[in-house]
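The primary structure of each chain is shown beneath.
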Amino acid sequence: MAKLIDGKKISQQIKDELKEKAAALNAQGRTGALAVIQVGADPASSVYVRNKKNACAYIGIESLAYELPEETTEEELLKLIAELNEKTEVKGILVQLPLPAHICEDKVIQAISPSKDVDGFHPQSVGAMTIGEPGFLSCTPAGIIQLLKRSGVEIAGKHCVIIGRSNIVGKPMALLMLRENATVTVTHSKTRNLPEICRQADILIVAMGKPRFIGAEYIKEGAVVVDVGIHRDENNKLCGDVKFEEAEPAASAITPVPGGVGPMTIAMLMSNCVQSIEEG
Ligand code: NAP
């Protein structure tokens with residue numbers, strides 16, 4: 001039976017460590033706020049924004065909420081970001097994605113000062129991560145590295161296959177696994193023989209956005225399986241990209257959905273915020 005990688009427990013450990021660190025910084029008068037911007041009232045985004053505010057409150061970081069109407073123009077949003085970039089007490093700026101179709105996400109991401117880019121999406125942050133320079137790491141992939149390390153999974157020398165090449169998960173995941181000395185294969189929708197390639201993985205990271213797609217035929221006996229997907233199934237229950245009941249018997253360790261990768265993303269966002277306060 002596979003070991004369950006408990007993201008809920010590990011994220012709580014990280015948040016408790018950060019709470020202590022934030023209190024120590026606070027005692028030295030080093031504080032700062034996270035500005036959280038939401039445009040429109042998409043219900044899923046509202047849940048993510050609420051969770052981020054709650055995490056800030058738990059750790060002891062101030063959060064500033066900017067809830068803007070759906071019809072906010074790109075110009076208005078860019079102006080707000082420019083103002084927040086100038087405010088010394090604001091140490092992190094987060095714009096909840098997706099944005100309404102009339103606003104260019106790339107332009108918005110690039111408007112955030114790299115020194116406040118706690119999501120790690122700015123091209124400068126991505127570039128720094130690529131060449132191993134200091135900077136904010138993309139939260140979900142950084143959370144997966146923490147999940148693996150804190151669960152005692154050895155990464156160096158292992159073959160890691162990643163399904164998905166998005167800018168927020170697949171690509172940064174590949175870079176971070178490379179940094180940890182894994183041998184990395186990145187696959188995508190045009191990849192041929194996907195099951196065969198996945199069966200070579202010691203560590204299989206699935207970020208394809210296809211509910212319950214990955215079954216037993218993709219998994220080598222003893223592999224570590226990380227499921228990044230989050231979906232609601234036909235019964236409105238949360239599920240991932242992996243058919244858990246098929247993968248679990250073959251895997252040596254596996255992340256559940258919910259309670260696996262999901263809670264780690266916010267924990268790493270908080271880690272980036274504390275890092276930003278620390279860096280002043
Ligand atoms: P995305 O932008 O839709 O990217 C999906 C990737 O999977 C693409 O690279 C795509 O290939 C590839 N893909 C799709 N179908 C495939 C197939 N049949 N075979 C092989 N590759 C295939 O998604 P994302 O933003 O990376 O997110 C992936 C999943 O993770 C989603 O379910 C999302 O909700 C979830 N997520 C969770 C968290 C968390 O905190 N737990 C954070 C972010 C995302 P192409 O590039 O060729 O199109």
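Preceding this section is the structure that the text describes.
These figures come from a predicted structure and were not determined experimentally.

1. Let's talk about helix 1 (residues 7-27)
So, step 1. The terminal C-alpha atoms of helix 1, which comprises 21 residues, lie 30 Å apart, in line with the 30 Å expected from a rise of 1.5 Å per residue.
So, step 2. Residues of helix 1 that are buried sit in contact with helix 2 (43-59), helix 6 (139-150) and helix 10 (262-279).
So, step 3. Measuring from the backbone nitrogen of Lys8 back to the side-chain oxygen at the start of helix 1 gives 3.1 Å, which picks out Asp6 as the cap.
So, step 4. At the exit of helix 1 stands Gly29, carrying a positive phi of roughly 80 degrees.

2. Focus on helix 6
So, step 1. Given a rise of 1.5 Å per residue, 12 residues ought to cover 16 Å, and the 16 Å separating the end C-alpha atoms of helix 6 matches this to within 8%.
So, step 2. With respect to burial, helix 6 is a largely interior element, nine of its 12 residues being buried.
So, step 3. Within the sequence span of helix 6, burial applies to Cys139, Thr140, Pro141, Ala142, Gly143, Ile144, Ile145, Leu147 and Leu148.
So, step 4. In the core, the buried residues of helix 6 are packed alongside helix 1, helix 7 (170-179), strand 7 (203-206), strand 8 (224-227) and helix 10.

3. Topic: the site of the ligand
So, step 1. Taken together, 22 residues lie around the ligand, and Arg165, Ser166, Ser189, Lys210 and Thr265 are the ones closest in.
So, step 2. For the ligand, a nitrogen atom lies 3.4 Å from a polar atom in the backbone of His188.
So, step 3. A distance of 3.0 Å separates a nitrogen atom of the ligand from a polar atom in the side chain of Lys210.
So, step 4. A class-by-class count of the residues in the shell around the ligand yields 10 nonpolar, 10 polar and two charged.

4. Digging into the pairing of strand 4 (residues 90-95)
So, step 1. Counting buried positions along strand 4 gives six out of six residues, so the element sits mostly inside the fold.
So, step 2. Pairing analysis gives five bridges linking strand 2 (residues 33-39) to strand 4, with the strands arranged parallel. Bridge pairing in strand 4 links Ala33 to Val90.

The rules behind the values
All residue numbers refer to positions counted from 1 along the written sequence of the respective chain. Reporting in this predicted model follows two pLDDT cut-offs: at least 70 for local features of residues, and 80 or more for side-chain atom pairs to be given and counted; totals over whole chains, interfaces and linings ignore these cut-offs and use all residues. Only heavy atoms go into the side-chain values, all of them from the structure, while hydrogens and water stay out. Put simply, DSSP H or I for four residues or longer makes a helix, DSSP E for two residues or longer makes a strand, and each gets a number counted from the N terminus. A helix's residues, less one, multiplied by 1.5 Å, set its expected span. The contact definition used throughout considers only heavy atoms, calling two residues in contact when any of these lie within 4.5 Å. In protein, a polar contact requires one atom able to donate a hydrogen and another able to accept it; more generally it is a pair of N or O atoms within 3.5 Å, and residues adjacent in sequence count only if both atoms are side-chain atoms. The buried label goes to any residue with under 20% of its type's maximum accessible area, the exposed label to any with over 50%, and the partly exposed label to all in between, with areas taken from a 1.4 Å probe on protein chains only. To be near a molecule or strand, a residue needs just one of its heavy atoms within 4 Å of it. Here the nonpolar group is Ala, Val, Leu, Ile, Met, Phe, Trp, Tyr, Cys and Pro; Asp, Glu, Lys and Arg are the charged ones; every other residue, Gly included, is treated as polar. Only strands that DSSP links by at least two bridges are regarded as paired with each other.

Bear in mind that shape data such as this cannot, by itself, settle questions of function.
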